Amino acid sequence: MNALTSGARSGLRSCGRAAADWNARMLAQAADGTRRGTRWGRGALALVPSALAVGVLGTALAQGALAANFSVTGQPFTLTSNGVQGSGFGAVVNTPAVGRPDGTTTTTTAMARVGFASAGLAGLCGIVHQTIAGVPYSLLLTGGQKVTAAPPAAFTTDIDASNLYIQATELQAYGPTTLQNAVIGQSADQVTVAGKPLTGALPGGFGLGSAGGEGGSSITLHGLNATAYDAEMAGALVLPDLKIRVVGGTATTC
C-alpha cells in the first residue's frame, strides 16, 4: 500500500512538472505576440450570432412579423417565382451605390428599381452563389409552392408581401404580362409606391407609374426571373414553408 502510494505521488509530481513546463512554454509563446493555431473559442462565438440570426429571421419571416432586406455585397443573386400579382406598381431607372468586396462602392451600374405597394407571389426561390477557398456553394432561400423552370400557364399566389422593392439589372417574365392603369414614360421623380418616391429617382428620368393616382396601377407577371442586387420587404412578408439551406456547387434551381 505504501509502495503504491509512493508511486502514485511520484507520477503526480511528474505530471505536475510536465504541466508546468507546458504552461511555461505557452506563456512564453503568447508573450512574443505571434499568433499560433486556431482560436476555436473566438471562432465559435463569432458563429453563434449568425446562426441565431438565421433562425430568428426564418421564424419571423414565416410569421409575417419582420421587414427584411436580402442582399449580397457586390454580387447579384437570382430571384424567381411562378408568377406575381402586384398593385400600386412603379418602376424607375437609377444608379444605386453597389458595395464591392473590398468595402468601396461604385455608382456606375444602371438598374431598375421596381416597387409594389402590395404583391402576391406564387412561390419564391432565391439563389446566391459564393466561393470559399476556391470551392463553390449556393445558398437557397425558398418559400411557398415549388418554383418550376417552366412557369405554369395559370398560377395561384401563396405568398403575401407589402412594400416590396427589387433592385435589378434584369427582370424578365416568361409568359403574358398584364399591365393596367399605368403611365409609361412618367418622370421618375413623380413615380410613387405606397405614397413614397422610389430611391434614386431623378427628375426627367424614365419612370413607370400609375395613371389613376396612388395604388391605381397593377401588373400580372406569368413567371418571374430577376437578376437582383437587393430585395427589400419594407412591410410584412407572409410565406409558408420557409427554408434556408446551403448546397455544394453552383445551383440554378431550388
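One structure accompanies this document, and this report is about it. Given the structure is predicted, the values throughout are model-derived calculations rather than measurements.

## Here's the deal with the pattern of salt bridges
When their charged atoms lie close together, side chains carrying opposite charge are able to pair. Under the criterion given, the structure shown has one salt bridge. Between Arg-113 and Glu-232 there is a salt bridge; the shortest N-O distance is 3.1 Å. Remark: Glu-232 occurs in strand β14 (residues 218-233) and Arg-113 occurs in strand β5 (residues 111-121); sequence separation between them is 119 residues. What makes Glu-232 partly exposed here is its relative accessible area of 24%.

## Notes on the pairing of β14
Judged from the ten bridges that link them, strand β2 (residues 77-94) and β14 form a sheet pairing that is antiparallel. Following the sheet pairing, Ser-81 is matched in β14 by Leu-224. Where strand β9 (residues 177-180) and β14 come together, four bridges link them in antiparallel fashion. Residue pairing for β14: Thr-177 is matched across the bridge by Leu-221.

## Considering the side chain of Asn-94
Within the fold, Asn-94 resides in strand β2. Here Thr-199 takes part through its backbone oxygen, which lies 2.7 Å from a polar atom of the side chain of Asn-94. Excluding its chain neighbours within four sequence positions, the residues that come into contact with Asn-94 are Thr-109, Ala-110, Met-111, Arg-113, Gln-167, Thr-199 and Gly-200.

## With respect to unusual backbone geometry
Of note, the phi angle at Asn-181 is positive, near 55 degrees, even though the residue is not glycine. You can see Asn-181 is positioned in the loop between β9 and β10 (182-184). Phi is positive for Ala-194, which is not a glycine, with a value near 55 degrees. The topology assignment puts Ala-194 in the loop between β11 (192-193) and β12 (196-197). Residue classification places Ala-194 among the partly exposed residues on the basis of a relative accessible area of 34%.

## Remarks on the environment of Ser-187
Position of Ser-187 among the secondary structure elements: in the loop between β10 and β11. Classification of Ser-187 by relative accessible area gives partly exposed; the value is 23%. Considered as a pair, Ser-187 and Ala-201 are 14 residues apart in the sequence and their alpha carbons are 8.6 Å apart. With sequence-adjacent residues up to four places away left out, Ser-187 is seen in contact with Leu-202, Pro-203, Gly-204 and Gly-205. A distance of 2.9 Å separates a polar atom in the side chain of Ser-187 from the backbone nitrogen of Gly-204.

## Observations regarding the environment of Arg-245
For Arg-245, the location among the structural elements is in strand β16 (residues 243-248). Once the C-alpha coordinates of Arg-245 and Ser-138 are considered, the two residues, 107 residues apart in sequence, prove to be 8.4 Å apart. Not counting the four nearest positions on each side in its chain, Arg-245 is found in contact with Ser-138, Leu-139, Leu-140 and Cys-254. Separated by 3.0 Å, the side chain of Arg-245 and the backbone oxygen of Cys-254 make a polar contact.

## Some words on the side chain of Ser-210
For Ser-210, the location among the structural elements is in strand β13 (residues 207-210). Here the side chain of Ser-210 touches Ser-217 through a polar contact of 3.3 Å, landing on its backbone nitrogen. Once residues lying within four places of it in the same chain are set aside, the contact partners of Ser-210 are Asn-181, Ala-182, Val-183, Gln-186, Gly-216 and Ser-217.

## A short note on the nonpolar core
Judged by nonpolar contacts, the single largest core of 28 residues is most densely connected at Phe-89, Phe-116, Leu-121 and Leu-164. Considering each element in turn, this core owes the most residues, seven residues, to β14. Residues in contact with Phe-89, not counting those within four places in the same chain, are Val-114, Gly-115, Phe-116, Leu-179, Val-193, Leu-208, Gly-209, Ser-217 and Ile-219. Among the nonpolar cores identified, the runner-up in size contains seven residues, and Val-92, Val-191, Val-193 and Leu-198 belong to it.

## A closer look at the state of the cysteines
Tallying each qualifying case throughout the model produces one disulfide. A sulfur-sulfur distance of 1.9 Å marks the disulfide that ties Cys-125 to Cys-254. Looking along the S-S bond of the Cys-125-Cys-254 disulfide, the torsion reads about 75 degrees, which is the right-handed sense. Placement of the pair is Cys-125 in strand β6 (residues 124-132) and Cys-254 in the segment after β16, with a sequence separation of 129 residues. Since its relative accessible area comes to 3%, Cys-125 is described here as buried.

Reading the values: the criteria
Residues numbered from 1 in each chain as written. Predicted model: local features only at pLDDT ≥ 70, side-chain atom pairs only at ≥ 80, totals over all residues. Heavy atoms only, no water. Salt bridge = Lys/Arg side-chain N within 4 Å of Asp/Glu carboxyl O. Helix = DSSP H or I, 4+ residues; strand = E, 2+ residues; numbered from the N terminus. Buried < 20%, exposed > 50% of the residue type's maximum accessible area, 1.4 Å probe, protein only. Pairing = 2+ DSSP bridges. Polar contact = N/O pair within 3.5 Å; in protein donor to acceptor, adjacent residues only side chain to side chain. Contact = heavy atoms within 4.5 Å. Core = buried A, V, L, I, M, F, W, Y, C linked by side-chain atoms within 4.5 Å. Disulfide = S-S within 2.5 Å.

It is worth stressing that arrangement in space is one thing and function is another; only the former is reported here.
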